Amino acid sequence: MDSYVFFRVGKYNFAIAIKQVVEVLDIVKTQILPKTPQFVVGVANFRGEILPIIDLTTMFKLNSTDELDKRYIVVLKYFMENTESFLGLSVDKVLGVSEGKVEELERLSQMPLQQVKQYTVSGVQLGDDFAFLLDIDGLLQAIAMEIMRYVNSKK
Amino acid sequence: MNPDFKNLFILEVKDLLQQFESDLIDLENSPERQELIDEVFRFVHSIKGAAGMYGFNEIVIIVHNLEEIFRKIKQGNLQIDKKIIDLSLHAKDLILRYLNVEKTPNLSEDLQNLIREFERLNPELKDFNKRFNKTSENQKTYYIIFHPDADIYQRAVNLTAIIEDLEGLKYSLVKPFEAHKNPEKFDIFWEIIAYVDDLAELDQIFVFVQDEVQKKILCDCNAFELQGFKEFYQSLGENFSADRYEKLRNFIQDQLKQKLQKQENQSVGQSADSLEVKEQSLNYVRLPAYQLDNLLKYVSQLITYNYQLQVAIDKSDTNQVKIISQTLQTLISEIKDYTLQLRLLPISVLFRSYNRLVRDLAFQQNKKVRFIIEGEDTMIDKTYIEKLYTPLLHIIRNAIDHGIETPQERIEKNKSPVGTIKISAYQSQANLIIQVQDDGRGIDLELIRKRALELGLLQQDEKLTDQELLKLIFSPGLTTSAKVDEISGRGMGMTVIRTAIGELKGEVEVDTEPGLSTTITIKLPVTLSIIETLHLSAGGINFLVPVFNIVSVEKLPVSQIQGIKDGRIDFRGETVPVLDLNKFLELKDGQQYDKRVLVILSVGQCKYGVIFDNVHGQISAVIKNLGAVFYALDIFIGASILGDGRIAYILDPFKVYKC
């Protein structure tokens, strides 16, 4: 069984394979990145590297359930277009790391969330509950598409 | 002498030679520029002393000759013309050859010819050069029979001293033979083979016995340096015979021939292009001292933090360990970036090496070409410099050969008789762009079509757009040149270019306006690079703008900025568009300013203004990309981290506003 990082966005649980996660940060100081959609929180200085941060709550059009004064950043490292980059995902709460078994959503008797359908095809059992497993490549492509659409609309 | 010093000297001279070459070419175009003549003197003085110290006597001769020629020019007694520039460039080539190899074929012959030409320009040089000629032209190996008369002792000649002197020569073989087997009569003669710089040396030894000496020349060389010479001599045996001279002579001739052949074979491989010389020198990087000081500063910080870490671990202070470990990580990442920066060189190193090529090729083809370099401060990884040399060489050759027309042809077309080739480099988002543009005849699309049909790359009824047709010129074998010559036109050039750029994960594009121009654009990925920028701010956010594109920076009262009509402003008699960055990027800032900053940017032919809130100063910025998902956000080349840890966005002047 593989290990996953589990976190909460709105009232839903999500999971990302741990091999794609660099680390989890507490809230960091960000600076806005002009000309980007609302879900782009901004950029942060992550040990001398540029870390752009995406708010998954906004991106997934969900509402944070509790009045959270604190958010967590899940830092990913990814390769695209021959370059290595970092991306931070801002989430409501990180639940922890544990092993899990991947199942088809139907077998978990769950319907995929409409907003995240294109990058969640499976789920991971999490105790009595379960989490949507994020397909990172699909998520990154969706983010890139959204940004491109936004930039072009502003031209 | 420490060989490292000698190597350093060689490297330094190679750098100086490159500068010297481009100075000479500039001088040819604008002979009135006195400061360039001063540069020549500076060049001569920088290498003359050291060249002598490291035993490069020929180089001393060459630079001395150059110095005297340019002294006459400075005094107004000689005019700069093509001949002088040709000779000086030739002198530069010879210096390079003397630096590189011990001896290449015809080297001393070339040197003699050069010196003779210099003497023709300035006869006063003859005296100086004669002193040097003594050491080169009179080098000969002699075959001597010394047969003293029987009365030699009665004449009070010290025979022992003569033989000892001969044996004491640096290069000599002395062998006695008995002439007659008559023990009652003294009759011995000596066979002597000797190599001397100067015949006077031998004459001095034989001064009292001149009539008893027979001299023959074996060769105009030092036979003792030939392989197996002494062994061959020994193999001639102990008995004298008259054909010993002939045998020795034949042996020497054979050896010389073989040696020359070997050298020629070697030189075919290396002199084909002076590229090899370049690559050798590029294996070293010379750094400004402050960069090493900075590295040292980083290292001492590492040592301090490491010590603090040890203390915290000893105290089992987990919190402190965490803090220090984070600081260390930041520091290490800074050191990584900094170290990578050390590999970067200004692209001028590469661009300037084509100066000479353009000049020589243009002369060869009776064309007039002005060579313009732009953006030569763009920093580029040194491995790129090596790999770009050949593809750019092909592109520039093509431009001269196929692009630029002859002066008559250009005049008929209402163009300036002097053609222009412009090579430029600049940084765009995550890309390094190199462009070669010529204002020649452009590419004949119909001709490409015809050749492509001939080669079967195209079907008769196939319809292609101009862009698609242009792409065909990268196909092997396709050339639009009517004649194939030694310079270019074998149809392989463009294929070579595309392959080489492809290896660097780059792209090549061709653009042409038939009859007017051809532009070749090379786009290379840049993983790490550094860019000279101006640090500005707007709406509380930091921005960096490449210095290369900045025309002017001006602080203006806010009232004047509010008065700008229709987003246009007068700048040096030109009306240019202006955009307010705060509005353009939808930045919010509560702060009020009395004055704001107008920066005029230039991109190609187009100029425009951008208004910022404040200007802070010039920064060398390490470009960091925002990540591939932000690819569409092309108004930023990337971002950079300022000294205090804040982030600044690097604006791409090519994308912020499009004229």
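Every value quoted in this text rests on a predicted model; they were computed, and no experiment measured them.

Quick notes on the rules
- Residues numbered from 1 in each chain as written.
- Chains lettered and ligands numbered in written order.
- Predicted model: local features only at pLDDT ≥ 70, side-chain atom pairs only at ≥ 80, totals over all residues.
- Heavy atoms only, no water.
- Helix = DSSP H or I, 4+ residues; strand = E, 2+ residues; numbered from the N terminus.
- Buried < 20%, exposed > 50% of the residue type's maximum accessible area, 1.4 Å probe, protein only.
- Contact = heavy atoms within 4.5 Å.
- Areas by Shrake-Rupley, 256 points an atom, 1.4 Å probe, with all protein chains shown as cover.
- Rg over C-alpha atoms; globule rule 2.2 N^0.38 Å.
- Axes fitted to C-alpha atoms, helices over the stretch in contact; angles between N-to-C directions.
- Parallel < 35°, antiparallel > 145°, perpendicular 65-115°, else oblique.
- Left-handed = near helix turned anticlockwise from the far one by under 90°.
- Nonpolar A, V, L, I, M, F, W, Y, C, P; charged D, E, K, R; others polar.
- Pairing = 2+ DSSP bridges.
- Buried area = accessible area lost by both parts, 1.4 Å probe.
- Salt bridge = Lys/Arg side-chain N within 4 Å of Asp/Glu carboxyl O.
- Domains from an automatic or database assignment.
- Polar contact = N/O pair within 3.5 Å; in protein donor to acceptor, adjacent residues only side chain to side chain.
- Phe/Tyr/Trp six-rings, centres within 6.5 Å; stacked < 30°, edge-to-face > 60°.
- Lys NZ or Arg CZ within 6 Å of the ring centre and 35° of its normal.
- Patch = residues over 30% accessible without salt bridge, like charges linked within 9 Å, V, L, I, M, F, W, Y side chains within 5 Å.
- Lys, Arg positive; Asp, Glu negative; His and termini not counted.
- Charge placed at Lys NZ, Arg CZ, Asp CG, Glu CD.

Asks: What should I look at first to understand the overall build of chain B in this one?
Replies: When helices and strands are counted, chain B shows 23 helices and 21 strands. Within the span of chain B, comprising 659 residues, buried residues form 48% of the whole. Considering only intrachain contacts with a sequence separation of at least 6, the fraction spanning at least 24 residues in chain B is 68%. Carbon together with sulfur atoms contributes 49% to the accessible area of chain B, which is approximately 34,600 Å² in total.

Asks: What is the right way to look at the overall build of chain A in this model?
Replies: Looking only at helices and strands, one finds two helices and 11 strands in chain A. Mapped from its N terminus to its C terminus, chain A presents α and β elements in the order β-β-β-β-β-α-β-β-β-β-β-β-α. The C-alpha radius of gyration of chain A comes to 15 Å, within 12% of the 15 Å expected for a compact globule of 155 residues. Over its C-alpha atoms, taken along the principal directions, chain A stretches across nearly 45 × 40 × 30 Å. Here chain A holds 155 residues, and 52% of them are scored as buried. Residue pairs at least 24 apart in sequence account for 57% of intrachain contacts in chain A once pairs closer than 6 positions are excluded.

Asks: Before we go on, may I ask you to explain the packing of helix 15 (residues 355–364) of chain B against helix 16 (residues 382–403) of chain B in this structure?
Replies: Between two packed helices, what matters for the description is the angle formed by their axes and the separation of those axes. Residue and element names in this part refer to chain B. Following both chains from N to C, one finds helix 15 and helix 16 inclined at 30°, their axes separated by 10 Å at the closest point. On the basis of the axis angle, helix 15 is roughly parallel to helix 16. Our pair here, helix 15 against helix 16, has a crossing hand that is right-handed. Where helix 15 abuts helix 16, its residues Leu357, Val358, Leu361 and Ala362 lie against Leu393, Ile396, Arg397 and Ile400. Among the residues forming the contact of helix 15 with helix 16, the class breakdown is seven nonpolar, no polar and one charged.

Asks: I'm lost on the sheet that holds strand 14 (residues 550–557) of chain B in this one. Help?
Replies: Across a sheet, paired strands are connected by hydrogen bonds in the backbone, their directions being either parallel or antiparallel. Residues and elements named next belong to chain B. Spatially, the five strands line up as an open sheet ordered 14-17-18-16-15, and their pairing is mixed. Each end of this open sheet is capped by a strand with a single partner; those strands are strand 14 and strand 15 (568–571). On average, adjacent strands in this sheet sit at an angle of 30° to one another, irrespective of strand direction. Judged from the four bridges that link them, strand 15 and strand 16 (residues 574–580) form a sheet pairing that is antiparallel. Of the residues in strand 16, the one forming a bridge with Ile569 is Val576.

Asks: In this structure, what is going on with the interface of chain B and chain A? I would like to understand it.
Replies: Contacts between the two partners involve 29 residues from chain B and, on the opposite side, 32 residues from chain A. Across the chain B/chain A interface, buried area totals approximately 2,700 Å², and carbon plus sulfur atoms make up 64% of it. For the chain B face of the interface with chain A, the top three residues by lost area are B:Val629, B:Phe630 and B:Ile647, together amounting to 23%. In this structure, the connection of chain B to chain A is made through one salt bridge. Between A:Glu49 and B:Lys624 there is a salt bridge; the shortest N-O distance is 3.6 Å.

Asks: What is the right way to read the sheet that holds strand 4 (residues 40–46) of chain A from this model?
Replies: Residue and element names in this part refer to chain A. Strand order in the open sheet formed by five strands is 3-6-7-5-4, with mixed pairing between adjacent strands. Each of the sheet's edge strands pairs with one partner strand only, and the pair in question is strand 3 (21–25) and strand 4. Between one strand axis and the next, the sheet turns by 30° as a mean value, whatever way the strands run.

Asks: Explanation requested: the domain arrangement of chain B in the structure shown.
Replies: Reports often express the size of an interface as the amount of accessible area lost when the parts come together. We note that the domain assignment places domain 1 (3–136), domain 2 (140–264), domain 3 (289–342), domain 4 (346–525) and domain 5 (530–656) within chain B. For domain 3 of chain B and domain 4 of chain B, the distance between their C-alpha centroids amounts to 48 Å.

Asks: What's the story with helix 20 (residues 493–503) of chain B in this structure? I'm lost.
Replies: Quick reminder: α-helices carry 3.6 residues per turn. Residues three or four places apart thus point the same way. Restricting attention to buried positions, one finds in helix 20 of chain B the residues B:Gly493, B:Met494, B:Thr495, B:Ile497, B:Ala500 and B:Ile501. If you follow the buried residues of helix 20 of chain B, they end up packed against helix 16, strand 10 (507–513) and strand 11 (517–525) of chain B.

Asks: I would appreciate a short explanation of the side chain of B:Ser172 in the present structure.
Replies: Residue and element names in this part refer to chain B. Mapped onto the elements, Ser172 comes out in strand 2 (residues 171–178). Using a relative accessible area of 17% as the deciding quantity, one classes Ser172 as buried. A polar side-chain atom of Ser172 sits 2.7 Å from the main-chain carbonyl oxygen of Leu166. Among residues more than four places away in sequence, those in contact with Ser172 are Leu166, Glu167, Ile193, Ala194 and Phe224.

Asks: Teacher, can you tell me more about the packing of helix 16 of chain B against helix 20 of chain B here?
Replies: Residues and elements named next belong to chain B. Their axes nearest at 9 Å, the elements helix 16 and helix 20 cross at an angle of 150°. Accordingly, the angle class assigned to the pair helix 16 and helix 20 is roughly antiparallel. Handedness of the helix 16/helix 20 crossing: left-handed. Judged by residue contacts, Leu388, Pro391, His394, Ile395 and Asn398 of helix 16 engage Gly493, Met494, Val496, Ile497, Ala500 and Ile501 from helix 20. Of the residues belonging to the contact of helix 16 with helix 20, the class tally is eight nonpolar, three polar and no charged.

Asks: Sorry, what's going on with the packing of aromatic side chains here?
Replies: Geometrically, a pair of aromatic rings is defined through the distance of the ring centres and the angle of the planes. In the structure shown here, the tally under the stated rule is 28 aromatic pairs over all chains. Through a chain of ring-to-ring contacts, the aromatic side chains of A:Phe7, A:Tyr12, A:Phe14, A:Phe60, A:Tyr119, A:Phe130 and A:Phe132 assemble into a single cluster. Across from the ring centre of B:Tyr245, 4.4 Å away, lies the NZ or CZ of B:Lys216, which sits over that ring.

Asks: Got a minute to help me understand a negative patch on the surface in this structure?
Replies: Where like charges cluster on the molecular surface, the negative patch consists of B:Glu507, B:Glu509, B:Asp511 and B:Glu513. Relative accessible area serves as the criterion here: at 45%, B:Glu507 is assigned to the partly exposed category.

Asks: Explain the environment of A:Asp26 to me, please; I cannot follow it from the model alone.
Replies: Residue and element names in this part refer to chain A. If you trace the backbone, Asp26 turns up in the loop between strand 3 and strand 4. Judged by its relative accessible area of 45%, Asp26 is partly exposed. Between the C-alpha atom of Asp26 and that of Arg71, which follows or precedes it by 45 residues, the distance is 6.7 Å. Every residue in contact with Asp26, bar those within four places of it in the chain, is listed here: Lys70, Arg71, Tyr72 and Ile73.

Asks: How should the pattern of salt bridges be read in this particular structure?
Replies: All names here are of chain B. Counting across every chain of the model gives 40 salt bridges over all chains. When the shortest N-O distance is used, the salt bridge between Glu454 and Arg451 registers 3.7 Å. Separated by three residues within a single helix, Glu454 and Arg451 lie in helix 18 (residues 445–454), roughly one turn from each other. Across the salt bridge formed by Asp613 and Arg596, the nearest N and O atoms sit 3.0 Å from each other. Highlighted residues: Asp613 in the loop between strand 18 (606–612) and strand 19 (614–623) and Arg596 in strand 17 (residues 595–603), separated in sequence by 17 residues. Arg596 carries the same exposure label as Asp613, and that label is buried. Salt bridges sharing partners connect three or more residues here, namely Glu21, Glu28, Lys82, Asp86, Lys92, Asp93, Arg356, Arg359 and Asp360.

Asks: Any chance you could explain the environment of B:Glu35 here in plain terms?
Replies: All names here are of chain B. Mapped onto the fold, Glu35 is located in helix 2 (residues 34–53). Judged by relative accessible area, Glu35 falls into the partly exposed class, the value being 42%. In this structure, the C-alpha to C-alpha distance between Glu35 and Asp23, residues 12 residues apart in sequence, is 9.8 Å. A distance of 2.8 Å separates a polar atom in the side chain of Glu35 from a polar atom in the side chain of Arg33.

Asks: What's the story with helix 15 of chain B in this structure? I'm lost.
Replies: Where burial is concerned, most of helix 15 of chain B is hidden: seven out of the 10 residues are buried. Immediately beyond the C-terminal end of helix 15 of chain B, within one or two residues, lies B:Asn366, with a positive phi of roughly 55°.

Asks: What's the story with the side chain of B:Thr533 in this structure? I'm lost.
Replies: Mapping B:Thr533 onto the fold places it in strand 12 (residues 529–538). Setting aside residues up to four positions removed in sequence, B:Thr533 forms contacts with B:Leu544, B:Val545, B:Pro546, B:Val547, B:Gly617, B:Gln618, B:Ile619 and B:Ala621.

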